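Now for the letters of each chain:
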Amino acid sequence: SERTLAGALVMETDEASEAQNTVSNVGLFLRKAGISGVTKISGEASGFSIRSPEFGRQPVVVASKGNRIAIGYGLASVGSAFEASGKTLADSAAYEDATGILGSTPIAMFVNGPSALNLANALVPAGDEGFEEAKPFLQKIEYLALGSEASDDLATAKLIVGLK
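It should be emphasised that the depicted structure is a prediction, and the values quoted were computed from it without experimental measurement.

1. Some details on the sheet that holds strand E6 (residues 107-112)
An order of E6-E7-E8 is seen for the three strands of this open sheet, with the pairing classed as antiparallel. The outermost strands of the open sheet, each flanked by one partner alone, are E6 and strand E8 (154-163). Averaged over neighbouring strand pairs, the angle between their axes works out to 10 degrees when direction is ignored. Where E6 meets strand E7 (residues 141-151), five bridges bridge the pair, whose relative direction is antiparallel. For Asn-112, the partnering residue across the bridge sits in E7 and is Tyr-143. Seen against the sheet, helix H3 (residues 93-102) touches E6, E7 and E8 and runs at an angle of roughly 35 degrees to E7.

Here's what the structure looks like:
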């Protein structure tokens with residue numbers, strides 16, 4: 001739901017110092033540029049958060065820990081992104097199906113159908129006629145995946161829709 005929305009993007013570097021320096025330098029730049037709502041964070045992970053009414057009730061958090069950088073909505077989502085014991089997107093059967101179908105084409109985007117529909121249910125005003133009409137069709141979508149690659153002057157994109 002909108003109230004429980006969370007998520008994080010995790011990137012890894014070869015060296016822990018690269019991750020820490022990158023996050024530190026971006027945070028320092030934002031604070032020196034006078035961007036409002038930027039606050040330094042420290043602890044097990046270090047970085048910064050950005051609060052803005054446009055982001056809703058939680059801040060966007062950028063932090064590094066070890067050789068990982070996490071960018072997420074809310075401190076809890078970034079903290080859990082650093083946990084090694086949690087399941088990842090790559091562990092899901094739908095994601096495995098999508099990457100298998102894409103073959104050698106690198107995946108660029110993945111959307112879990114039921115989760116996206118739950119979020120849409122929370123965000124779309126109750127009784128919206130168009131959404132209600134579309135819902136039976138949307139309920140059949142297990143996932144959406146987009147892959148793309150380029151070779152010489154040719155770019156190729158593949159959109160996969162997994163249906164239940």
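2. Describing the packing of helix H4 (residues 113-123) against helix H5 (residues 129-138)
At their nearest, the axes of H4 and H5 sit 12 Å apart, and the two run at 170 degrees to each other. When the axes of H4 and H5 are compared, the pair comes out roughly antiparallel. Here H4 runs over H5; the crossing is left-handed. Residues Leu-117, Ala-120 and Asn-121 of H4 pack against Phe-131, Lys-135 and Leu-138 of H5. Considered class by class, the residues forming the contact of H4 with H5 number four nonpolar, one polar and one charged.

The rules behind each value
- Residues numbered from 1 in each chain as written.
- Predicted model: local features only at pLDDT ≥ 70, side-chain atom pairs only at ≥ 80, totals over all residues.
- Heavy atoms only, no water.
- Pairing = 2+ DSSP bridges.
- Helix = DSSP H or I, 4+ residues; strand = E, 2+ residues; numbered from the N terminus.
- Axes fitted to C-alpha atoms, helices over the stretch in contact; angles between N-to-C directions.
- Contact = heavy atoms within 4.5 Å.
- Parallel < 35°, antiparallel > 145°, perpendicular 65-115°, else oblique.
- Left-handed = near helix turned anticlockwise from the far one by under 90°.
- Nonpolar A, V, L, I, M, F, W, Y, C, P; charged D, E, K, R; others polar.

By themselves, these figures tell us nothing about what the structure is for.
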